[in-house]
Each structure stands twice: as C-alpha cells, then as structure tokens.
Amino acid sequence: MTIRPLHFLVTLVMPLVAAAQNTGTLRLLVDPGHNFEFVLDKQYRMQQREVKLGEGLHHFAFWAPERMIVDTNVFVIADRTTDFVLKLPYSPEYMQYRQELAKYETKRRVARTIPTVATVAGLFWTGVNVVKYQKVRQDLEKDQENYDINVDPGSIRTLKDQTIPQHNEDLRSARTGLYTSISFTAVAAGVTYFLYRRSARWERPTLNDKQKVLFEGLTWVPTRNGGFFHAGITIPLAR
Amino acid sequence: MRTIPYLFFPLLVMVGITGCAKDELDVAGLNTNPFDADYDGPAIFTVISTSTSTYTVDGIEYQRLNLRVKVHTEYFPRATTYLVDQDGAPLIASSSMPDNELSVQFLNVDQGTTYCRDLYLYNGGVRGGGNSVCGTAE
C-alpha cells in the first residue's frame with residue numbers, strides 16, 4: 001500500500017522531466033546479445049536493446065545469466081543514436097561451475113562408458129567363442145561320422161591317433177575360452193549395472209549465481225501499463 | 001532393477017551350453033568299425049563248415065584241414081571291396097569271393113588237433129579288424 005503514492009509520483013513526474021530535456025538514443029550492443037538485463041540509474045530494471053534517455057550521464061549496471069555485473073556510466077548525447085558495446089565477462093562462480101560440471105560429466109562418462117564397452121566387448125568375445133566352440137563340436141561330429149563310414153584302416157588309424165585327439169584338445173581349449181569370456185562378460189555386466197546405479201546418485205554440480213542475487217535487488221521495472229518493484233530471491237532447491 | 005534379468009543372460013548361455021555340451025570323443029570307445037584294427041564287435045569271420053582230406057607229396061600221404069569261412073559284410077559300414085589277410089598267407093581279394101566265402105587250409109594236420117588262423121580285413125596296405133577261425137582235423 002505504501003508503493004502506490006511513489007508509483008503515482010514517478011508516473012506523473014517522468015514524462016514531465018523527459019519533455020523538459022532533449023533526449024538521445026543509446027543502442028546497447030552487449031555480449032551476450034539475447035538475455036542481458038540492466039538497471040538504469042540504480043532504479044529501473046530493463047531488458048531491451050535500445051533506450052531513449054535524457055542528455056547527460058547515466059549509470060548502468062549490466063548483467064546476464066552466468067556473467068558478472070558490470071557497472072558503468074554512459075553519457076547520452078541529445079538527438080543522436082549512440083552504440084554502446086560491452087562484453088560481459090563470465091562470473092568466477094560460472095567458470096568454477098563449468099569446471100566442476102565438466103569434471104562431473106567426464107567422471108560419469110568414464111564410469112559408464114568403460115564398463116559398457118567392456119560388456120559389449122565381452123559379448124562379442126563370447127559370441128566369437130561360441131562360434132569357435134560350435135565349429136570344433138561340428139568337427140568332432142564329422143570325425144564320428146567319418147569313423148562310422150570309413151573302410152580304410154589307414155585313415156581310421158590316422159583319425160584315431162591324430163585327428164580326433166587334436167579336435168578333443170581344440171574342444172577343451174574352446175570350452176575354456178568360452179567360459180572365460182562368459183565370466184568376463186558377466187562381471188563386466190555386473191560392474192556396469194553397479195556403476196550406472198551408483199553414478200545416477202552422484203550429485204550434479206549446480207550454479208550458485210551470486211551475481212544474479214546481487215543484481216536482483218529491489219528495483220523498479222517500468223512497463224507500458226505502469227511498473228512494479230522487483231524483488232529477487234534465490235533459494236538453492238537442489239540441496 | 002530391470003537390468004538384473006539381463007545379467008543372468010550370460011549365465012543362462014553358459015548353463016545352456018554346458019547342458020547341451022557333448023563331451024570329447026572317446027577314442028578308446030571307437031571300436032565298432034570292422035575296418036578298425038581295434039574292432040571289438042561280432043566276429044567278422046565265422047567258420048561255416050570243416051572238412052579233412054588227404055593229399056600226397058612224394059608218395060607220402062598227408063592230412064589237410066579245410067575251413068569254409070564266411071565274411072560278414074553285413075557288419076561293414078557300407079558296401080565296399082576288400083582284401084582278407086590270412087596272417088602271412090597270400091591276400092584274398094573280395095572279387096574272388098562272390099558269395100563272400102573263402103577257404104582256409106591247414107596242411108599236414110594231425111587228427112583230433114584243433115588249428116586256428118587269424119584273419120584280418122585289409123585295405124590300403126593296412127590291416128583292419130579281424131578274428132581267429134579254428135577247426136579240428138578229423
């Protein structure tokens with residue numbers, strides 16, 4: 001209720017003041033170009049790229065998300081359009097946040113990618129060993145069929161003394177390889193599952209934008225239908 | 001939690017393969033082929049008849065034991081030509097045995113004595129399975 005008289009006073013006085021002096025236009029070329037805000041003369045919070053102001057020195061406090069507040073004074077020349085170029089530097093909190101976020105994402109990517117790749121490789125390895133195992137088993141089945149229809153004592157002797165023992169050895173070797181690859185795959189799958197669950201609980205870094213808190217002080221925001229006071233408060237809900 | 005069933009997949013594969021796994025071939029158990037020197041099945045050669053006859057050399061009379069032997073080709077894995085090795089005596093080709101029977105002779109035998117000879121299947125320069133055939137001179 002105490003705001004209304006002040007609102008009325010400002011609404012009444014501002015046009016009179018503006019009409020009483022010559023105005024100039026200030027084009028704001030601020031990096032980042034899309035979402036910066038500024039507080040004019042420590043009173044009016046605005047978000048636009050061009051302002052008409054009375055001639056003279058005006059104070060600006062520029063800010064954009066993830067950037068630092070930059071305070072500066074600009075002299076507005078009457079009846080002229082002036083370009084004001086400014087690059088808002090990244091805030092130290094944002095830089096730290098980016099580092100922590102990059103570290104977090106790298107850690108999570110490694111924790112998930114390596115065991116996943118190991119599991120996929122294990123499955124591939126198991127597949128290769130299954131094929132190899134099946135081939136050796138087929139060789140032995142062919143040996144049995146060969147024995148059953150063979151009428152050459154010499155080749156039967158070769159089959160029993162050399163070919164079948166060799167294929168038996170190949171089968172044992174293939175079975176060992178198959179069990180090894182299956183065990184490896186099972187362990188890798190278990191580790192993958194564990195790390196996916198675990199990394200899902202890792203806390204993602206959050207940006208504590210102190211510059212935003214500073215910027216969102218109590219300011220007057222003019223609009224076409226009047227204006228309002230803007231009070232900003234930041235509550236870190238993530239914790 | 002939905003991932004858990006997938007973890008059992010490799011285990012199931014292992015169990016499946018183990019369950020269906022055929023053991024290595026037991027070489028010692030391979031003895032059913034008559035052309036295998038380790039053949040251990042029904043006799044390939046069996047005596048179907050025995051007779052004793054006399055023969056004369058330089059005026060001296062001797063006894064001869066004749067065995068008629070059947071070659072059981074029904075035990076062969078497939079129809080084939082073959083040779084019979086008489087353990088030192090000349091080889092006999094299957095082409096000379098249209099009825100798969102051969103004669104085995106023992107010369108200068110004594111009455112009442114049993115005589116035996118080892119016969120083997122023979123192919124490709126190597127002996128296969130075989131057995132003894134015996135007969136008693138009368």
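Structure: above.
Residues numbered from 1 in each chain as written. Chains lettered and ligands numbered in written order. Predicted model: local features only at pLDDT ≥ 70, side-chain atom pairs only at ≥ 80, totals over all residues. Heavy atoms only, no water.

## Looking at the pairing of strand 2 (residues 60-71) of chain B
Residues and elements named next belong to chain B.
Inference 1: With twelve bridges joining them, strand 1 (residues 45-57) and strand 2 adopt antiparallel strand pairing. Within the sheet, the bridge partner assigned to Thr-54 lies in strand 2 and is Gln-63.
Inference 2: Hairpin connection between strand 1 and strand 2: a loop of two residues separates the two successive antiparallel strands, and Asp-58 in this loop has a positive phi of roughly 55°.
Inference 3: Here seven bridges tie strand 2 to strand 5 (residues 101-107), and the two strands are oriented antiparallel to one another. Bridging across to strand 5, Lys-70 finds its partner in Glu-101. (Pairing = 2+ DSSP bridges. Helix = DSSP H or I, 4+ residues; strand = E, 2+ residues; numbered from the N terminus.)

## As for the sheet that holds strand 3 (residues 83-86) of chain B
All names here are of chain B.
Inference 1: A sheet is described by the order of its strands in space; here four strands give the open sequence 4-3-6-7, paired in antiparallel fashion. Both outer strands of the open sheet, strand 4 (89-93) and strand 7 (126-136), are each paired with one neighbouring strand and no more. For this sheet the average axis-to-axis angle between neighbouring strands, irrespective of direction, equals 25°.
Inference 2: Relative to strand 7, strand 6 (residues 114-123) is paired through nine bridges, and the arrangement is antiparallel. What sits directly across from Asp-118, in strand 7, is Ser-132. (Axes fitted to C-alpha atoms, helices over the stretch in contact; angles between N-to-C directions.)

## Concerning the state of the cysteines
Residue and element names in this part refer to chain B.
Inference 1: Applying the stated rule across the entire model yields one disulfide over all chains.
Inference 2: Two residues share a disulfide in this structure: Cys-116 and Cys-134, whose sulfurs sit 1.8 Å from each other. Given an S-S torsion of about 110°, the disulfide between Cys-116 and Cys-134 has right-handed geometry. Placement of the pair is Cys-116 in strand 6 and Cys-134 in strand 7, with a sequence separation of 18 residues.
Inference 3: Looking at Cys-116, the relative accessible area reads 44%, which means it is partly exposed. (Disulfide = S-S within 2.5 Å. Buried < 20%, exposed > 50% of the residue type's maximum accessible area, 1.4 Å probe, protein only.)

## A short note on the interface of chain A and chain B
Inference 1: Taken together, the contacts link 32 residues of chain A with 32 residues of chain B.
Inference 2: At the boundary of chain A with chain B, total buried surface from both sides reaches about 2800 Å², with 63% on carbon and sulfur atoms.
Inference 3: Considering only the surface of chain A that becomes buried against chain B, A:Tyr147, A:Val151 and A:Tyr193 emerge as the three largest contributors, covering 22% of it.
Inference 4: Joining chain A to chain B, the criterion identifies six salt bridges.
Inference 5: Taken together, the links from chain A to chain B amount to 14 residue pairs in polar contact (both at pLDDT 80 or more). (Contact = heavy atoms within 4.5 Å. Buried area = accessible area lost by both parts, 1.4 Å probe. Salt bridge = Lys/Arg side-chain N within 4 Å of Asp/Glu carboxyl O. Polar contact = N/O pair within 3.5 Å; in protein donor to acceptor, adjacent residues only side chain to side chain.)

## Observations concerning the packing of aromatic side chains
Inference 1: Under the criterion given, the structure shown has 14 aromatic pairs over all chains.
Inference 2: Arranged with centres 6.5 Å apart and planes meeting at 25°, the rings of A:Phe36 and A:Phe38 form a pair that is stacked.
Inference 3: Classification of A:Phe36 as buried rests on a relative accessible area of 3%.
Inference 4: Plain terms: the ring middles of A:Phe38 and A:Phe62 are 5.6 Å apart, the flat faces sit at 50° to each other, and that makes the pair tilted. Placement of A:Phe38 in strand 2 (residues 37-40) and of A:Phe62 in strand 5 (residues 56-63) is noted, with a sequence separation of 24 residues between them.
Inference 5: A:Phe38 gets classed as buried once you look at its relative accessible area, which sits at 0%.
Inference 6: Residue classification places A:Phe62 among the buried positions, given a relative accessible area of 0%.
Inference 7: Ring pairing ties together the aromatic residues A:Phe36, A:Phe38, A:Phe60, A:Phe62 and A:Phe84, which thus form one cluster.
Inference 8: The ring of B:Phe106 has B:Arg117 sitting right over it, with the charged end atom 4.7 Å from the ring centre. (Phe/Tyr/Trp six-rings, centres within 6.5 Å; stacked < 30°, edge-to-face > 60°. Lys NZ or Arg CZ within 6 Å of the ring centre and 35° of its normal.)

## Notes on the pattern of salt bridges
Inference 1: Per the counting criterion, the structure on display carries 18 salt bridges over all chains.
Inference 2: Here B:Arg68 ties to B:Asp99 by a salt bridge, and the two come within 3.8 Å at their closest N and O atoms. Of the two residues, B:Arg68 is situated in strand 2 and B:Asp99 in the loop between strand 4 and strand 5; the sequence distance between them amounts to 31 residues.
Inference 3: For B:Asp99, a relative accessible area of 36% corresponds to the partly exposed category.
Inference 4: Among the ionic contacts, a cluster of salt bridges with common partners joins A:Arg157, A:Lys160, A:Asp161, B:Asp36 and B:Asp38.

## Quick look at the pairing of strand 4 of chain B
Every regular strand shows the same layout, with side chains that alternate between the two sheet faces.
Residues and elements named next belong to chain B.
Inference 1: Where strand 3 and strand 4 come together, three bridges link them in antiparallel fashion. Residue pairing for strand 4: Gln-86 is matched across the bridge by Ala-89.
Inference 2: Two successive antiparallel strands, strand 3 and strand 4, enclose a turn made up of two residues, where Asp-87 displays a positive phi of approximately 60°.

## A look at unusual backbone geometry
Outside of glycine, negative phi angles account for most residues, and trans bonds account for most peptide bonds.
Inference 1: Here the residue pair A:Asp31 and A:Pro32 is connected by a cis peptide bond, since its omega of 10° sits within 30 degrees of zero.
Inference 2: Within the secondary structure, A:Pro32 is located in the loop between strand 1 (23-31) and strand 2.
Inference 3: With a phi angle near 55°, B:Asp58 is a residue other than glycine that sits in the positive phi range.
Inference 4: Among the secondary structure elements, B:Asp58 is positioned in the loop between strand 1 and strand 2.

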